[in-house]
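# Commentary on secondary and tertiary structure
Residues per chain are reported as follows:
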Amino acid sequence: MSVLVGRKAPLFNAPAVVDGNRIVPDFQLESLIGSQTIVLYFYPKDFSGICPKELLAFQQQLPEFEKRNCAVLACSTDSDVSHKAWLNTPVADGGIQGVTYPLISDFTKTITAQYGSWRRIRLQRSGHLICDGPMIPYRGLFIIDKNGLVQHQVVNFFTLVRSVKDALRMVDTLHRFQEQGEVCEVEL
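Bear in mind the structure is a predicted one, so any value in this text is a computation, not a measurement.

What follows deals with the overall build of the protein chain. Counting its secondary structure elements, the protein chain contains five helices and nine strands. Overall, the protein chain shows an N-to-C arrangement of helices and strands of β-β-β-α-α-β-α-β-α-β-β-β-β-α. Sorting the 188 residues of the protein chain into buried and exposed places 47% on the buried side. Partitioning the contacts of the protein chain with sequence separation of at least 6, the portion at a separation of at least 24 is 64%. Total accessible area on the protein chain is roughly 9,500 Å²; 53% of this is exposed by carbon and sulfur atoms.

Structure below.
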């Protein structure tokens, strides 16, 4: 896995489901750069056991991210059609109905490879992928500042779920440093 911290975030143009039900064939990360901080996270797959709780937790805290002028984006290697079906499935049935932030479809697997959220996979200079493991992403989370620089990166194994509270804390830390040159105190 390559370290992206301090480097320009890899840009992408991919299908996404936005507002919980509308497929956009060409969602562009670049459209948010310059105006918002971005939390981009990768999850293994739609209709899985752990993922719904995590996506719903980000949705529950979405107003807190929005107060901080921060966009939340989720990405997996499932298709946009699969994303839409999952978004239309009630929570009681294992779905994520009610999630409104964009779900990006990395069906080609190139975004996940560019962000280093793969297990044993490499993106060759030719653009071809070489993989000897499951073709699903790890749980990567990246915070991208308004200038398009990756400021925070963490990648977990499939079974280790992230803390939404910690993602908010990292956004607050970034903003405090950018505005005041100070860092937040250590939280135990």
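The phi torsion at D19 lies on the positive side, around 55°, for a residue other than glycine. When you line up the elements, D19 lands in the loop between β1 (13-18) and β2 (22-28). A positive phi is found at F47, a non-glycine position, where the angle reads about 60°. For F47, a relative accessible area of 46% corresponds to the partly exposed category.

So, about helix α3 (residues 80-87). Residues spaced three or four apart along an α-helix face the same direction, because each turn holds 3.6 residues. Burial in α3 covers these residues: D80, S82, H83, W86 and L87. For α3, the buried positions fall inside an angular range of 160° around the axis, keeping them on one side. Tucked into the core, α3 has its buried residues touching β1, β2, α1 (51-60), β4 (70-76) and β5 (103-105).

Glancing now at the nonpolar core. Counting 25 residues, the largest nonpolar core has Y41, L55, F58, F65 and Y101 as its most contacted members. Among the secondary structure elements, those contributing two or more residues to this core are β3 (37-42), α1, α2 (62-67), β4, α3, β8 (139-144) and α5 (164-180). A total of five residues in this core trace back to one element, the largest contributor, which is α5. Beyond its immediate stretch of four places on either side in the chain, L55 contacts Y41, Y43, W86, I96, V99, Y101 and L103. By size, the runner-up hydrophobic cluster in this structure holds 22 residues, among which are F12, L32, Y115 and I144.

Calculation rules
Residues numbered from 1 in each chain as written. Predicted model: local features only at pLDDT ≥ 70, side-chain atom pairs only at ≥ 80, totals over all residues. Heavy atoms only, no water. Helix = DSSP H or I, 4+ residues; strand = E, 2+ residues; numbered from the N terminus. Buried < 20%, exposed > 50% of the residue type's maximum accessible area, 1.4 Å probe, protein only. Contact = heavy atoms within 4.5 Å. Areas by Shrake-Rupley, 256 points an atom, 1.4 Å probe, with all protein chains shown as cover. Arc of directions from axis to C-beta. Core = buried A, V, L, I, M, F, W, Y, C linked by side-chain atoms within 4.5 Å.

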